[in-house]
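Fold and contact review
As a plain string of letters, each chain reads:
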Amino acid sequence: MIEIPSDTGWFEVENLTENEVDELYVSARHTPQWDQIGNKLTDVAKAAPEPLKAPPDKWARIILWGHTRAGPFSIFEGNHRLIGYAAANSPAPLKIRVYVGLSTSLCFWHHADPSLLLGQGVEMFNSRQVIAQNDWLLVGKF
Amino acid sequence: MALIDMDWTEISIHNVISEFLRAERESFGALHPPWLPLIDSPI
């Protein structure tokens, strides 16, 4: 089982609106088609749309994850709901509280992090870089 | 406005787990009927 980094700090953020949808990415390594498209929510919604089954005010809390408050953020819970929202023709305005996890560690499910399982939980300090190269995860100062 | 400009309030991971389970229950309702508590004993 691949976990979310244990040093993740959790926040409730008020509010996610339709203006922030462009900052979101679907989970990496969840669906091959999403990865091929590049994981950006708005692009995935165009290429692989899904139905919007319920209005946003009826949803369970969306859970996002990223390295800093500036994003970008991966959707860890609610991928299908947000794809449905982004693909809808005239959806209701979006104004929902979301949970956001922040960590400087690498996460397998985050679109911007390397896919190597070995890198899970490796911390990224300011003085370090992490590079995925030839199936090796290189951590250090380059 | 970007997400960074919104109001951020620190929460416990228990909140996150509870909402994750609620979402799972809504997706797979037959396995988690609503009259069952999401977390039996969170302590």
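Right above here is the structure, for reference.
Residues numbered from 1 in each chain as written. Chains lettered and ligands numbered in written order. Predicted model: local features only at pLDDT ≥ 70, side-chain atom pairs only at ≥ 80, totals over all residues.

Between chain A and chain B, the contact holds 21 residues from the first and 18 residues from the second. Within the residue set of the side of chain A that touches chain B, elements represented by two or more residues are strand 1 (9-17) and strand 4 (73-77) of chain A. Ranked by residues supplied to the side of chain A that touches chain B, first place goes to strand 1 of chain A with eight residues. When grouped by side-chain class, the residues that make up the side of chain A that touches chain B number nine nonpolar, five polar and seven charged. Alignment of strand 1 of chain A against strand 1 (residues 7-11) of chain B, held across five bridges, turns out to be antiparallel. By the bridge assignment, F11(A) is partnered in strand 1 of chain B with E10(B). (Contact = placed C-beta atoms within 7 Å. Helix = DSSP H or I, 4+ residues; strand = E, 2+ residues; numbered from the N terminus. Nonpolar A, V, L, I, M, F, W, Y, C, P; charged D, E, K, R; others polar. Pairing = 2+ DSSP bridges.)

All names here are of chain A. Geometrically, the link from E14 to N15 is a cis peptide bond, its omega value of 5 degrees lying close to zero. Here G71 and P72 are connected by a cis peptide whose omega angle stands at 0 degrees. Of note, P72 is situated in the loop between strand 3 (62-66) and strand 4. With a phi angle near 60 degrees, R29 is a residue other than glycine that sits in the positive phi range. Of note, R29 is situated in the loop between strand 2 (24-26) and helix 1 (32-37). Even without glycine at this site, N39 takes up a positive phi of about 75 degrees. With respect to the helices, strands and loops of the structure, N39 is situated in the loop between helix 1 and helix 2 (41-47).

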